[in-house]
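The chain contents come next:
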Amino acid sequence: MSETKVYPVDTEFASQSWVDNDTYLSMYEKSITDPEGFWGEHGRRIEWMKPYTRVKNTSFDPHNVDIRWYEDGTLNASVSCLDRHLESRGDQVAIIWEGDDPSEDENITYRDLYERVCKFANALKAQGAKKGDVITLYMPMIPEAAVAMLACARIGAVHSIVFGGFSPDALAARVEGGQSNIVITADQSLRGGKAVPLKDNVDLALKNAGTECCKKVVVVKRTGGDIAWDDSRDVWYEEIVADASTECAPEEMGAEDPLFILYTSGSTGQPKGLKHTTGGYMVYASMTHQYAFDYKDGDIYWCTADVGWVTGHSYIVYGPLANGATSLMFEGVPSYPDNSRFGRVIEKHKVNQFYTAPTAIRALMQQGEDVLGDSDLSTLKVLGSVGEPINPEAWEWYHRIIGQGRCPIVDTWWQTETGGMMIMPLPGATAAKPGSATRPFFGVQPALVDNEGNILEGATDGNLVITDSWPGQGRSIWGDHDRFVQTYFSTFKGYYTTGDGARRDEDGYYWITGRVDDVINVSGHRMGTAEVESALVAHPKVAEAAVVGYPHDIKGQGIYVYVTLQAGIEESDELLKELRTWVRSEIGPIATPDLVQFAPGLPKTRSGKIMRRILRKVAEDDFGSLGDTSTLADPTVVDDLINNRQNRK
Ligand code: 6R9
């Protein structure tokens, strides 16, 4: 193995940063030995209506998984993000919006944002929304998405954001799952100059799924494109906010009242609606944002994620706004109008911290070293990476080309379930090793266990677990606490199971190696193989399907599909195309299979379980090491698979 390069912390950077290495070590120590004291102190970084007296009350015992932080305190998340900044920074820009078209942008101050949120909160109440309701957002990356999130928080409603790239069916399942009574959307969204029919998708979702629960659809006018209208159900955002008051008293919420639900993929077919609550989440999102990016007052911070993913929740909206930051929100894509767009936006808005995903970095890297043109990147101070392991080549490129060899990179490992970053370098404290997420954040106790759940010591590989709770942790799966316990606390008893594998090196650094379950990571998006399989078998010509990930240059992992057709159905290129389109429309474009191989038979054990290990090897063209195939019901299937792989497309 080639020797790992180490990038030491720049001493000048360290001396001006929030946390240098000595501070990290002492704060970490305190956070572990005295979590009550540590989080009791740091909990005060957000605004409380009634201060808490209890800090941590958590149990990972599978018979009684119960996670509570600051449980007797009350607050409203929108107050920490808005009200408390009015006096000190009412005229400071809270959100810089950069449109899909480079000629469109907007600066929204904290006062503007406060007023917009109050207006929309009042309008939602007038539409019948109340505390505890679940409101679904299916929105473009426009300021109204942040306004809607905060307006929900203001009135105590629980938002459930569905990524705008999901299909009507996927949307319907999530509206149903939350028994949502209101959907907030836009006529269309714009990405790379192309319109996406959001409102049409909502119409289809509500019609097809027979979702009785949804009574109102609020529509923001983004493009003015043609849409159908149902007078009894649809209202224009612009009309309902027009006369609404710019003041709306915030609802007093318990620390453990839900703030949002966010669906994520697991190893079974049904996505899980993770429930995040208010107090601990806000403390954790704001604190990690400040320290990971070494965020200072006046900095311009840009996270390129979509608000439909957890990264957008914690690091475009809640974390940065709680910190009084200027957060840039980008509607478009890195390749429009051309591949220099990221550089142009950094230059135009003088961005100081930039947070993106390895897949975006690899896509730029393919375009060559001058991809960002003559963009001035000199304002950049810290770069971040999230969503999947970053390969050392992409890390080096990011550091050299975007970071101009001087910006520290924070490779942040975390999950929808964790609410905020868990393992990452702090830029003034942690020497970086390209490809490693490095060390745990305060209060986070990672461990590696073998398949029996025994804790492994020292430099080793293992299943990554977290041995005790942290404030940002998801509390449950919406409406199914048993599934929460089953999924995260039953495999390795007493610990939170991440589903990721990792290596720990001799310096105690963690290197995330990827999922150990049947989840693949396509361009940083989690995709349950079972979800894609159930979409495929729903096609009338498909008898059986198995889906695995394989290494993909840009996406990290691609979707490799093995399909067994119904008897009498001919293999053809048309059918192949039809299957791809089918999966797109069932789940969404991100689930489009990259490679499809027709397989007359799949490798199964005698008990009928598909041996994915073998399918993965064939997909990777690595059949020197197929391992033990003797337990297969019909070992000749494997030869067919290998011989047929030339026909995959
Ligand atoms: C925030 C987010 C979570 C899964 C996670 C892991 C992978 C995320 C990573 C990373 C290696 C990193 N992952 N960040 N792997 N290094 N820096 O992405 O949440 O969409 O729930 O995905 O993504 O496999 O388990 P989510």
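One can find the structure itself at the top, above this paragraph.
Each value, and the rule that gives it
- Residues numbered from 1 in each chain as written.
- Predicted model: local features only at pLDDT ≥ 70, side-chain atom pairs only at ≥ 80, totals over all residues.
- Heavy atoms only, no water.
- Helix = DSSP H or I, 4+ residues; strand = E, 2+ residues; numbered from the N terminus.
- Rg over C-alpha atoms; globule rule 2.2 N^0.38 Å.
- Buried < 20%, exposed > 50% of the residue type's maximum accessible area, 1.4 Å probe, protein only.
- Contact = heavy atoms within 4.5 Å.
- Areas by Shrake-Rupley, 256 points an atom, 1.4 Å probe, with all protein chains shown as cover.
- Lys, Arg positive; Asp, Glu negative; His and termini not counted.
- Charge placed at Lys NZ, Arg CZ, Asp CG, Glu CD.
- Polar contact = N/O pair within 3.5 Å; in protein donor to acceptor, adjacent residues only side chain to side chain.
- Core = buried A, V, L, I, M, F, W, Y, C linked by side-chain atoms within 4.5 Å.
- Domains from an automatic or database assignment.
- Near = heavy atom within 4 Å.
- Salt bridge = Lys/Arg side-chain N within 4 Å of Asp/Glu carboxyl O.

A. Here's a closer look at the overall build of the protein. Across its full length, the protein holds 19 helices and 31 strands. The C-alpha radius of gyration computed for the protein amounts to 24 Å, which stays within 12% of the reference 26 Å derived for 649 residues, consistent with globular compactness. Its C-alpha atoms give the protein principal-axis dimensions of roughly 75 × 65 × 60 Å. Counting across all 649 residues of the protein, residues that qualify as buried make up 61%. For the protein, contacts bridging at least 24 residues in sequence account for 72% of all contacts bridging at least 6. Looking at the protein as shown, the accessible area adds up to about 24,300 Å², and 47% of this sits on carbon and sulfur atoms. Counting 62 positive and 92 negative side-chain charges, the protein places the centres of these two groups 2 Å from one another.

B. Seen up close, the side chain of Ser17. Along the polypeptide, Ser17 turns up in the loop between helix H1 (11-16) and helix H2 (21-33). When its relative accessible area of 13% is taken as the criterion, Ser17 is described as buried. There is a polar contact of 2.8 Å between the side chain of Ser17 and the backbone oxygen of Ala14. A distance of 3.2 Å separates the side chain of Ser17 from the backbone oxygen of Val19, its partner in a polar contact. Not counting chain neighbours up to four residues away, the residues in contact with Ser17 comprise Asp294, Lys296 and Gly428.

C. Examining the nonpolar core more closely. Of all hydrophobic cores here, the largest spans 160 residues; its most connected members are Phe120, Tyr318 and Phe442. Counting residues per element, this core draws most heavily on helix H6 (residues 143-155), which supplies ten residues. Mapped onto the domain boundaries, this core takes at least three residues apiece from domain 1 (11-503) and domain 2 (523-644). Apart from residues lying up to four places away in sequence, Phe442 is in contact with Val19, Tyr24, Met27, Tyr28, Ser31, Phe38, Trp39, Tyr284, Met287, Tyr291 and Leu426. With 30 residues, the next largest nonpolar core counts Val93, Phe330, Phe342 and Trp395 among its residues.

D. Geometry of the site of the ligand. Taken together, 17 residues lie near the ligand, and Asp411, Thr412, Thr416, Asp500 and Arg515 sit nearest. Within the backbone of Pro389, an N or O atom sits 3.4 Å from a nitrogen atom of the ligand. Between the ligand and Arg515, the relevant distance is 2.8 Å, taken from an oxygen atom to a side-chain nitrogen or oxygen of the residue. Contact with the protein chains covers 96% of the free accessible surface of the ligand, which is 530 Å². Those elements that provide at least two residues to the shell around the ligand are helix H11 (310-322), strand E20 (409-412) and strand E26 (510-515).

E. The arrangement of the environment of Val386 in detail. You can see Val386 is positioned in strand E19 (residues 382-386). Sequence separation between Val386 and Val55 is 331 residues; the distance between their C-alpha atoms is 29 Å. Contact partners of Val386, with chain neighbours within four places excluded, come to Thr311, Tyr355, Thr356, Ala357, Pro358, Thr412 and Trp414.

F. The arrangement of the pattern of salt bridges in detail. Here the structure, examined in full by the defined rule, presents 38 salt bridges. Asp105 is paired through a salt bridge with Lys348; the nearest N and O atoms lie 2.9 Å apart. Note that Asp105 is positioned in strand E5 (residues 105-109) and Lys348 in helix H12 (residues 341-349), a separation of 243 residues in sequence.

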